[in-house]
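Listed below, chain by chain, are the residues.
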Amino acid sequence: MLLLCACGGGGGGGSSPVIVAPATPTPVPTPTPGPGTATFALSPDATSSITGAQRRPRYVSASTASITIVVNGAGTASVLNLYDPAHCDASKKCTLGLSAPPGNDTFLVSAYDQPNGAGNLLSRATVSAVIAANAVTVVPAILSGNVAAITVTLGNALPALHQTTTIPVTVVAKDAGGNTIVGPGGYLYPITLTDSDGSGHSSLSKTTLNGPGDVVTLQYDGGYAGGAVGASALGAQTTTAAAFAPSSATTETPLSPNRTAHSIIVGPDGALWFAEQPGYLGRITTGGALTETLVPGNWNPAVLCAGPDGAIWFSAQNMSNPSSAILRRATDGTISVFPLASGYQVENIVAAADGNLWFNQTGQLGRITPQGAITMMHLTDANSNPLHVDSLTAGPDNALWFGEGGYDALDRFDLTTQAITMHLVRPLFGGTPTAADPTIVIAGPDQRLYFSAFLMLLSSDTAGNMTTIYSPVNGIGYVSLAFAPDASLWFAGAAAQNGKPQFGRIAGGAEVTITGTTAQSGIPSVIDSLAAGPDGALYYTRGNAVGRMVP
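Residues numbered from 1 in each chain as written. Predicted model: local features only at pLDDT ≥ 70, side-chain atom pairs only at ≥ 80, totals over all residues. Heavy atoms only, no water.

Caption draft 1: Examining the side chain of Asp 105 more closely. Position of Asp 105 relative to the elements: it lies in strand E6 (residues 103–114). Contacts of Asp 105, omitting those with residues within four sequence positions, involve Asn 72, Ala 100, Val 127, Ser 128, Ala 129 and Ile 131. (Helix = DSSP H or I, 4+ residues; strand = E, 2+ residues; numbered from the N terminus. Contact = heavy atoms within 4.5 Å.)

In structure tokens:
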């Protein structure tokens, strides 16, 4: 707090009138007040010294080197350089005498980080006082800090999804000297807060802060949301926003030691089935009951599919020789083996509209009937060059669709004519083809295909008309896609956020949120596969565990 002390100047005097008849009485002149003297005083408060960093910004910022005072908005500013021996004594009390007219005066007090009123403006106050003649007037002045930098933090940056909560928002404003602006003064210019979340599930209790004493919260109603609370103020040069993203409740069930889970699917029995390497099939119910079954014959399962016959079909590689095969597990647990001529690993296997199962190996499509009859087809382009099939799915138009890395294309395979129609993805982005794009093709509930390409997510109708639905700032290594019961698209990402695996949810053509799972010690961060369970939850495989997330 600054004290302005004003002293009034002396006035004129006179004598009592003397009546002399018959002369006319002579009027006694009224005393005319002279100018007042206002004294600016900077003194230590009762609890701290005003020297160095101990000087509290609510009085004068620790970086203050000079203070200027302008009376009634006119004339040359009076300057007080802190610790100038001409104005400051050994106790660090500084005073500056000002000439001020008696009456209602206005004082503009400004603090700067350089001597003689130069440098950055740190704080300022405009105060009014009635300056009395022939008297001392004490005027308190509380300076308001000039905001140069703002940092916003949240009391909970990862609120629980589906739970209503009130999140404290902390806003720290600093002046140009890096000093935190505190009360009882305010901000010279108000701070404006913004919430970038466009879902409508979060809102700020107030968006204008006039001083450090203002309290603000972020109200979250439990819905899918995500964004950041940002801040701005006139003259502020740097701001740090606070991001928030709801976190889904997750539980993870560990497998037996030294095993890893892959390729989770919903089986015909309503349980979740997955490949458990080396050499096991895993099954977990929606209630969390885990069963691990050894696959006979030294076969190591890879990719699973629910067959049209109620069986679990899966590809496997033999662990004692280079052979590969398609295996069928009947509902009674009996496992049949259908060897493949090539030792190449089967990459994908799907149940198609013709009642058969289809799979792909390098440059080939394979078909296996429910009775186990296998037919292989080599895939080539018009120039007889082999096509590189990166993924495979049954489309909404009763055809097979796959990502083709050699041309960066989304291809359609007609089950009846076996004709291939190629829809190029690369022209959307330019550049040279890469053998990894596009990948992870799945059919959506809206009769469209969804897939990843060039670290983005895209959608296409069955005529090949494509659109980008999600293009993250930082590329995510997508490993799995699945649709939740509410028709929102979820993806699992190999990238980690704050050391946690990522789930992303996209609804209405825009990203809503990315959320992390709760990592267990020793479990890798990468989510391997994702499936929507019959109970409305999302299930995933990750290292030595199977996880369940409430979307």
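Back to the text.
Caption draft 2: Local environment of the side chain of Asn 300. Tracing the sequence through the fold places Asn 300 in strand E24 (residues 299–306). At 2.8 Å, the side chain of Asn 300 forms a polar contact with the backbone nitrogen of Gly 279. The contacts of Asn 300, once residues within four sequence positions are left out, are Gln 277, Pro 278, Gly 279, Ser 315, Ala 316, Gln 317 and Met 319. (Polar contact = N/O pair within 3.5 Å; in protein donor to acceptor, adjacent residues only side chain to side chain.)

Caption draft 3: Just the packing of aromatic side chains, in detail. In total, this model carries 3 aromatic pairs according to the counting rule given. Summarising the aromatic geometry, the rings of Tyr 450 and Phe 483 are spaced 5.1 Å apart at their centres and angled 75° between planes, so their arrangement reads as edge-to-face. Taken together, the positions of Tyr 450 in strand E37 (residues 449–453) and Phe 483 in strand E40 (residues 478–483) put the pair 33 residues apart, joining distant regions of the chain. In this structure, Tyr 450 and Phe 483 share a single accessibility class: buried. When the ring centre of Tyr 280 is taken as reference, the NZ or CZ atom of Arg 259 above it lies at 3.6 Å. (Phe/Tyr/Trp six-rings, centres within 6.5 Å; stacked < 30°, edge-to-face > 60°. Buried < 20%, exposed > 50% of the residue type's maximum accessible area, 1.4 Å probe, protein only. Lys NZ or Arg CZ within 6 Å of the ring centre and 35° of its normal.)

Caption draft 4: Representation of the sheet that holds strand E33 (residues 400–404). Spatial strand order, E32-E33-E34-E35: 4 strands in an open sheet with antiparallel pairing. At either margin of the open sheet sits one strand with a lone partner, and together these are strand E32 (393–394) and strand E35 (420–424). Both E33 and strand E34 (residues 409–413) contribute to a ladder of 5 bridges, which runs antiparallel. Within the sheet, the bridge partner assigned to Trp 401 lies in E34 and is Arg 412. (Pairing = 2+ DSSP bridges.)

Caption draft 5: Representation of the layout of surface pockets. When its volume is computed, the largest pocket comes out at roughly 1,100 Å³. Lining the largest pocket are 36 residues, with Ile 264, Ile 265, Ile 442, Ser 480 and Leu 530 positioned closest to its centre. Mapped by element, the contributors of at least two residues to the lining of the largest pocket are strand E20 (260–266), E24, strand E28 (348–351), E32, strand E36 (439–443), E40 and strand E44 (529–532). Broken down by class, the residue content of the lining of the largest pocket amounts to 24 nonpolar, 9 polar and 3 charged. (1 Å grid on protein atoms, 1.4 Å probe; cavity = no way out; pocket = protein on both sides within 12 Å on 5 of 7 lines; lining within 4 Å. Points joined across faces, edges and corners; volume = space filled by probe spheres on them. Nonpolar A, V, L, I, M, F, W, Y, C, P; charged D, E, K, R; others polar.)

Caption draft 6: Structural detail: the sheet that holds strand E9 (residues 144–145). Taken together, 5 strands build an open sheet; the order of strands is E4-E3-E6-E7-E9 and the sheet is antiparallel. The open sheet terminates on both sides in strands that have one partner only, identified here as strand E4 (78–81) and E9. Relative to E9, strand E7 (residues 118–131) runs antiparallel, the two being bridged by 2 bridges. Residue pairing for E9: Arg 124 is matched across the bridge by Ser 144.

Caption draft 7: Representation of unusual backbone geometry. Residue Gln 277 is joined to Pro 278 through a cis peptide bond whose omega torsion reads 5°. For Pro 278, the position within the fold is in the loop between strand E21 (272–277) and strand E22 (280–284). For Asn 72, which is not glycine, the phi dihedral falls at a positive 55°. Note that Asn 72 resides in the loop between strand E3 (66–71) and E4. For Asn 398, which is not a glycine, the phi torsion comes out positive at approximately 65°.

Caption draft 8: Region of interest: the environment of Leu 154. For Leu 154, the position within the fold is in strand E10 (residues 149–154). By relative accessible area, Leu 154 is classed as buried at 15%. In sequence terms Leu 154 and Val 169 are 15 residues apart; their C-alpha atoms lie 4.8 Å from each other. Beyond its immediate sequence surroundings of up to four residues, Leu 154 is in contact with Ile 167, Pro 168, Val 169, Val 229, Ala 242, Ala 243 and Phe 244.

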